[in-house]
Amino acid sequence: MRSATNIVASVLASIVSYYLLRTVCRFLLRVSSSLPNGPSNADWLFGNQKEIWSGSTGLGEPNPLDNWHEIYGRTFTAGGFFGTQRIYSKDIKAIQHIMRNDQLYLKPPVMRNILKSILGEGTSIIVAEREEHKIQRKVMNPAFGPNEIRELTSTFFEKSIEMRDIWNSRITAEGFGKIDSVYWLSKVTVDIIGLTGFNYHFNALNDPDQTNELNRAFTTMFRSSGGWTSPWMPLLAALPQTVQQFIRAFVSVLGYDTAIKSSAECIQRQCRELMMESKAFLAATGEKDNGWSTKNLLSLILKSNMSSNTPMSDVDAIAQIPTFLIAGHDTTSLATNWALLELALHQDIQSKLGEEILSVRTAMPNVDELNALPYLDAFVRETMRLHSPITTLNRVATQDDIIPLTYAFTDRNGIVHNELPVRKGQLIHLTLHQVHTDKSLWGPHADEFRPDRWLNVPNGVQAIPGVWSNLLTFWGGTHGCMGWRFSVTEMKVFLFVLLRSFHFELGVPKDELTVLKMASIWQRPSLKSAPMKTELPLIIRPFKV
Ligand code: HEM
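Predicted, not measured: the structure shown is a model, and the values here were computed from it. (Residues numbered from 1 in each chain as written. Predicted model: local features only at pLDDT ≥ 70, side-chain atom pairs only at ≥ 80, totals over all residues. Heavy atoms only, no water.)

A. Spatial organisation of the nonpolar core. Counting residues in hydrophobic clusters, the biggest one holds 131 residues, and the most contacted among them are W167, F198, L340, L495 and F504. By residue number, the principal contributor to this core is helix α22 (residues 484–499), which donates eleven residues. F504 has contacts with W167, L340, A344, Q347, Q350, L498, L499, L538, I539 and I540, leaving out every residue within four places of it along the chain. The next biggest cluster of nonpolar side chains, apart from the first, holds six residues, and it includes L65, W68, F76 and Y88. (Core = buried A, V, L, I, M, F, W, Y, C linked by side-chain atoms within 4.5 Å. Buried < 20%, exposed > 50% of the residue type's maximum accessible area, 1.4 Å probe, protein only. Helix = DSSP H or I, 4+ residues; strand = E, 2+ residues; numbered from the N terminus. Contact = heavy atoms within 4.5 Å.)

B. Representation of the side chain of D191 within the structure. Here D191 lies in helix α8 (residues 181–198). A polar atom in the side chain of D191 sits 2.7 Å from the backbone nitrogen of A204. What D191 contacts, discounting residues up to four positions off in sequence, is K159, F202, N203, A204 and L205. (Polar contact = N/O pair within 3.5 Å; in protein donor to acceptor, adjacent residues only side chain to side chain.)

C. Focus on the packing of aromatic side chains. Under the criterion given, the structure shown has 16 aromatic pairs. An aromatic cluster is built from W68, Y72, F76 and Y88, whose rings are joined through pairwise contacts. Over the ring of Y407 we find R74, and its NZ or CZ is 3.7 Å from the ring centre. If you follow R385 out to its NZ or CZ, it ends over the ring of W442, 5.4 Å from the centre. (Phe/Tyr/Trp six-rings, centres within 6.5 Å; stacked < 30°, edge-to-face > 60°. Lys NZ or Arg CZ within 6 Å of the ring centre and 35° of its normal.)

D. Molecular detail of the sheet that holds strand β2 (residues 75–79). On the basis of which strands lie adjacent, the open sheet formed by five strands has the order β2-β3-β9-β6-β4 and mixed pairing. Taken across any chain shown, the strands that pair with only one partner, and hence form the sheet edges, are β2 and β4 (105–106). Two strands pair when backbone bridges link them, and strand β6 (residues 392–397) and strand β9 (residues 427–431) are joined in this way by five bridges, in the antiparallel orientation. Considered in β9, the bridge of V396 is made with L427. Most of the contacts of helix α4 (residues 92–100) go to β9, to which it runs at about 120 degrees, and overall it touches β3 (85–89), β4, β6 and β9. (Pairing = 2+ DSSP bridges. Axes fitted to C-alpha atoms, helices over the stretch in contact; angles between N-to-C directions.)

Don't take any of this as a statement about function, it's just geometry.
This is the structure:
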């Protein structure tokens, strides 16, 4: 017993000494380095990450990143874990450079560790890099071409109409109903990605008791905001695997959200079963069967997995399922929540959009008819600009480099630099939301919701690189979002169906709303009284023409 205690004590002592030594070295390096200026380190363990990871701000109020950009300029340094330094930049040239050099700037190991803990051991497209990433992308990209999305639009409509009918049934004799759009949009988007990507019926819209285990696991995972807002999560993930396992074995609390862990295990198990069942089905029937389209995401993955020519391994194929289920539902659902919130806040915009949508003769337009609606298009772009669901993107430099800049920065010693020298291992956060609200690019009202700005886009924004709409919402380059077309069309369909039936108002006073930061990279509308619950109460009234 005593020897076990001694072993534990000496392992702990070694870990502590290692990190203390590393912190001292990093402190000395920081003092002598030419890193951009920035806020002082709030504490030795978390640096400034607690401020960045946790907390919420009122609607439209600046968050710490806004404030630091305001004080220190487009590029600044803030403290990371264990005395490390992280660079934050919204400089367009720096962003272009990092986007183009994606063989050099990769997803940081902490990010990959967190993703893998959710998606399983396999390497899915969101974790893969370089050659492996290129091969996977080639396999799955055909599922997201313009013609494929055209075909999926009928499913977007079917599910939106199903949701609309449920909302209709909530309208009381008093002539209005109250709904939580966060709940419903998360259900409809999970139903859609399940069906369109994997022929899988979550039936989430019609499963209030959550009898479907996968549906239950997704709800727990995305409603467990506690874990996503705790800076302990990335801190643990920043440690070497063995140290993480050691700490988890001896310290069970530490703010680590066990709900996320158990739902991740359930998701991985269910996805493994889905893959194996589908593989057996495909092997038995061949792809001529009705349920299988040649360019359906699951059949593309399975075909690659079963091919004799550089096949995708079983674990990698399985990891793609939760990747797309997660990437393909929470983001669009979040963006649509922000869209409904803006409609409720701006009745004039709601009327204008409603008029345009009601002027369409058919209740089920095709993609071209939807895309021909200029105000709907401008409204969706403005939502994706001001409320980009992903607010920052993280990369690590895999070798020393010099990053070009549009704007010079001042280092901690007061010296001005026109370029940003980075060392191998340097973490860089690209602050996408701050690019989207930069007044020098978008004009003095950059932080206001004004869809009309898209009818006359300022010239400066042409320099913003991005796969869609001079925005960084869907990133760009070889790692640009695969689902941007899917998501934009899906959101247009939701708005089209909902605005033909309802008028929206806020279900709570505006100052009761707050913006909850999650995992430092995405933000949700929520209520001040219960920020972790993430709900958005809206009042719906049937639309009378
Ligand atoms: C509003 C909705 C969405 C937003 C804001 C969004 C945003 C993004 C961003 C910023 C990235 C780059 C992440 C990085 O490299 O660190 C990304 C990648 C990705 N997204 Fe989306 N996404 C959305 C919807 C979707 C949908 C609907 C799907 C699939 C159906 C999808 C699938 C993917 C995949 C597979 C990647 C990885 C691409 C790669 O690394 O090659 N996304 N997304």
